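In case you want the letters, here they are:
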Amino acid sequence: MKKLLFAMLLAGFAFGAAAQDGRAIKQRKTQKEIIEKVMNSRNETVRDQSYSQQADSIANIDVWSKMCYKYEMDWKGRVHSEIQYQEFEDFPMQATEKAVMDYETSEALPNLYGFYWQNGEWTEGWKEIYTFDENGDAVLWQQLDKQTTDSVWWNVTYYNEMTYDENHNMLTNTAYMFDMWGMSGYFTEGKEVYEYDENNFVTAMESWYFDSYEVNDWVLSSRTEYVRMPNGDYSEYTSYSYYTGEPVISDKIVKDFNEQGAIEVYHYFNNVDSKGLVETQRYTATFLEDGLTVSEYLVEDYWMNEVLEPYIKAVYSYDANGNRETVDNFRWNDSLSVWEETTLMTWEYDNAVAAGEVLGHDYVWNRFGCSPMYSPLEMTIPVYNRWNRYSYETEDGATVCEAFYINWNSVSENEIELENLNVRGLEGMIRYEGEAANIGVFDMAGRCVATRANVMNCDINLNAGAYVVRVGERATKVVVR
């Protein structure tokens, strides 16, 4: 489960996220993405590769555990690996797991390799692999676990098969699971079937399960129909269940938008026995003057007294740079008719560093800084970048996350993307022969030991040892004898 969750958290990575819209992630254009781009643009500069800092690690400490997550980025600012460290009761902080992303086949859907720390070294334990057809569409996803008996072999524990139309829209996504009891090899977990309009937006999604006992065939279990807007987001959807054989509306969502296109009211209807569709929850957002930055949202709930009443609310504050500074969460005390504070979340920032000068901040900051108020509106509110410290306190205790940086002007062996750059290690020197470029040489401790500006061919005298040579925005490793 942890492995799958990590994969789904990667930006643009999980097929589970793609399946919600039934299309490859690189084609999706949702309201959430539009709003995030607008809101984050206030803090970002053009990514010209002139980074000064890199996200190094996040320390996460709560009443139950002490953990640290170290990140290694490649030269394009993508997360190359995440290493998890954990402190146990009888042992100091030590490495436990590592996940490595391989973007060689696909940048949108990288392969994922998982390792466990065993006997003082990393041992590969699982991997998630995509297979693409000649059109570049992912037609197969497999999760494999390493098995060790008399020999080492890889067992496919889960896999998904996908089909597409001529516009690269996903038509079906069928999931299979390994039968651990050894009765039938693999059995189907379910199938999703998609329909599209002339703009290639999903208009309907059906869920099927395979009945191997009575009909030995696929059986329709639910269908969701969408009303799409010009930008592809849906203004409402209606979900039907087929467990009785006939379609019965199970729930419905209707969204109201403000002039800027942000969700202002989110109506959730549920089929309540003999009463039919009843609005059981309503989420209402209040915005700042820009119409996109949320200052407060209110959740009203139906279940207690069978009428919409206040349930929870969140109040947001921002610093002078537009960074989210606090989220104050409240729960309505019905007996006293007052709001009671439940959780205060706080972010602190180093505003001396521009967001565009930090490499790899998007995924790392948002993974740990997201508010645990799981609501439809919260999904449209990104956490701002570059926080140094994020904390919140509940009745169970406090949780504190701290971010650490390293200077991007240094390089370590694990943070490079090795390429053939016409650089050779010779006796007492390295030699570069190629087009005019800026050259930087770093030792294995990450220290810069030599630079050359705009040179085509050059020799750089060095002591014997291993070095990382940066040519423009690329790097390679050489050994000087």
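These numbers were taken from a predicted model, which means no experiment stands behind them.

Participant: Quick rundown of the overall build of the protein? Include the residues and the values.
Facilitator: Summing up its helical and strand segments, the protein has 4 helices and 28 strands in all. Counting every position in the protein, which comprises 481 residues, the buried fraction comes to 48%. Long-range pairs, those at least 24 residues apart, make up 41% of the contacts in the protein with a sequence separation of at least 6. Split by element, the accessible area of the protein, about 24,800 Å² in all, is 49% carbon and sulfur.

Participant: Can you explain the layout of surface pockets? Please cite residues and give values.
Facilitator: It is a probe the size of a water molecule, rolled over the atoms, that shows where empty space is left. When its volume is computed, the second largest pocket comes out at roughly 190 Å³. Taken together, Phe187, Thr188, Phe210, Ser212 and Tyr213 make up the full set of residues lining the second largest pocket. When the residues that make up the lining of the second largest pocket are grouped by side-chain class, the tally is 3 nonpolar, 2 polar and no charged.

Participant: An account of the pairing of strand 14 (residues 248-257) is needed here, citing residue identities and associated values.
Facilitator: With 6 bridges connecting them, strand 13 (residues 234-241) and strand 14 associate as antiparallel partners. Opposite Glu236, over in strand 14, you have Val254 as the bridge partner. Remark: 6 residues form the turn of the hairpin made by strand 13 and strand 14, two consecutive strands paired antiparallel; Gly245 in that turn has positive phi of roughly 95°. Two elements, strand 14 and strand 15 (residues 263-271), share 7 bridges in a ladder whose sense is antiparallel. In the sheet register, Phe257 faces strand 15, and the bridge partner there is Ile263. Between strand 14 and strand 15, which pair antiparallel one after the other, the connecting turn spans 5 residues, and Gly261 there sits at a positive phi close to 90°.

Participant: Could you give me a rundown of the packing of aromatic side chains, with the residues and numbers involved?
Facilitator: Under the criterion given, the structure shown has 15 aromatic pairs. Taken together, a centroid distance of 6.2 Å and an interplanar angle of 40° make the contact between Tyr297 and Tyr316 tilted. Placement of the pair is Tyr297 in strand 17 (residues 294-301) and Tyr316 in strand 18 (residues 309-318), with a sequence separation of 19 residues. Accessibility classification places Tyr297 together with Tyr316 in one group, the buried group. The ring of Trp208 has Lys191 lying over it, and the distance from NZ or CZ to the ring centre is 5.7 Å. Above the ring of Phe330, the side-chain terminus of Lys313 is found at 5.4 Å from the ring centroid.

Participant: Hey, could you go over the environment of Arg78 for me, with residue numbers and the actual values?
Facilitator: Examined against the element boundaries, Arg78 turns out to sit in the loop between strand 2 (66-73) and strand 3 (79-88). Residue classification places Arg78 among the buried residues on the basis of a relative accessible area of 13%.

Participant: Lay out the side chain of Lys127 with the relevant residues and their values.
Facilitator: Position of Lys127 among the secondary structure elements: in strand 6 (residues 121-132). As a buried residue without a salt bridge, Lys127 has its nearest oppositely charged side chain in Glu124, at a separation of 4.9 Å. Every residue in contact with Lys127, bar those within four places of it in the chain, is listed here: Leu112, Tyr113, Gln142, Gln143, Leu144 and Trp154.

Participant: So what's going on with the pattern of salt bridges? Which residues, and what values?
Facilitator: Evaluation of the coordinates by the stated rule reveals 10 salt bridges. Between Glu195 and Arg223 there is a salt bridge; the shortest N-O distance is 3.0 Å. On the criterion of sequence distance, the pair formed by Glu195 in strand 10 (residues 186-196) and Arg223 in strand 12 (residues 217-228) is long-range, its members being 28 residues apart. Exposure remark for Arg223: the relative accessible area of 13% places this residue in the buried category. Bridged by salt links that share partners, the residues Glu195, Glu206, Arg223 and Glu225 form one connected network.

Participant: Provide a residue-level description of the pairing of strand 19 (residues 324-333), including the pertinent values.
Facilitator: Here 7 bridges tie strand 18 to strand 19, and the two strands are oriented antiparallel to one another. Looking at strand 19, one finds that Ser317 is bridged to Thr326. In the sheet, strand 19 pairs with strand 20 (residues 338-349) via 8 bridges, with the strands oriented antiparallel. The residue of strand 20 that forms the bridge with Asn333 is Val338.

Participant: Please set out the environment of Val478 residue by residue, giving values where relevant.
Facilitator: Structurally, the position occupied by Val478 is in strand 28 (residues 474-480). By relative accessible area, which is 6% here, Val478 ends up buried. When the C-alpha positions of Val478 and Ala466 are compared, they lie 5.9 Å apart, and in sequence the two are 12 residues distant. Setting aside anything within four residues of it in sequence, one finds Val478 in contact with Val423, Arg424, Gly425, Ile430, Gly465, Ala466, Tyr467 and Val469.

Participant: Describe the nonpolar core, and please don't skip the residues or the numbers.
Facilitator: For soluble globular proteins, the rule of thumb is that nonpolar side chains tend to be buried together. By size, the foremost hydrophobic cluster in this structure holds 53 residues, and its most contacted members are Ile58, Tyr71, Val79, Tyr316, Trp347, Val364 and Trp387. Setting aside its immediate chain neighbours within four residues, Tyr71 contacts Gln54, Ala55, Asp56, Ser57, Ile58, Val79, Ser81, Glu82, Tyr363, Val364, Arg367 and Phe368. Ala437, Val441, Val478 and Val480 belong to the second-largest nonpolar core, a separate cluster that totals 16 residues.

Participant: Residues and numbers for unusual backbone geometry, please.
Facilitator: Phi is positive for Asn216, which is not a glycine, with a value near 55°. On the accessibility criterion, Asn216 (51% relative accessible area) is exposed. Not every positive phi belongs to a glycine, and Ser337 is a case in point at roughly 55°. Within the element layout of this structure, Ser337 appears in the loop between strand 19 and strand 20.

Participant: Break down the confidence of the model for the protein for me, citing the residues and quoting the values.
Facilitator: Predicted coordinates in regions of low pLDDT should not be interpreted in detail. Taken over all residues, the pLDDT of the protein has a mean of 77, while the share at 70 or more is 76%. Per-residue pLDDT, averaged within each element of the protein, yields its smallest value for helix 2 (residues 15-21) (31) and its largest for strand 12 (95). For residues 1-49, every residue scores under 50 in pLDDT, and the model assigns this stretch 130 contacts once sequence neighbours within four places are set aside. Between residues 409-419, whose pLDDT stays under 50, and residues either more than four places distant or in other chains, the model counts 32 contacts.

Calculation notes
Residues numbered from 1 in each chain as written. Predicted model: local features only at pLDDT ≥ 70, side-chain atom pairs only at ≥ 80, totals over all residues. Heavy atoms only, no water. Helix = DSSP H or I, 4+ residues; strand = E, 2+ residues; numbered from the N terminus. Buried < 20%, exposed > 50% of the residue type's maximum accessible area, 1.4 Å probe, protein only. Contact = heavy atoms within 4.5 Å. Areas by Shrake-Rupley, 256 points an atom, 1.4 Å probe, with all protein chains shown as cover. 1 Å grid on protein atoms, 1.4 Å probe; cavity = no way out; pocket = protein on both sides within 12 Å on 5 of 7 lines; lining within 4 Å. Points joined across faces, edges and corners; volume = space filled by probe spheres on them. Nonpolar A, V, L, I, M, F, W, Y, C, P; charged D, E, K, R; others polar. Pairing = 2+ DSSP bridges. Phe/Tyr/Trp six-rings, centres within 6.5 Å; stacked < 30°, edge-to-face > 60°. Lys NZ or Arg CZ within 6 Å of the ring centre and 35° of its normal. Lys, Arg positive; Asp, Glu negative; His and termini not counted. Salt bridge = Lys/Arg side-chain N within 4 Å of Asp/Glu carboxyl O. Core = buried A, V, L, I, M, F, W, Y, C linked by side-chain atoms within 4.5 Å. pLDDT = per-residue confidence, 0-100.

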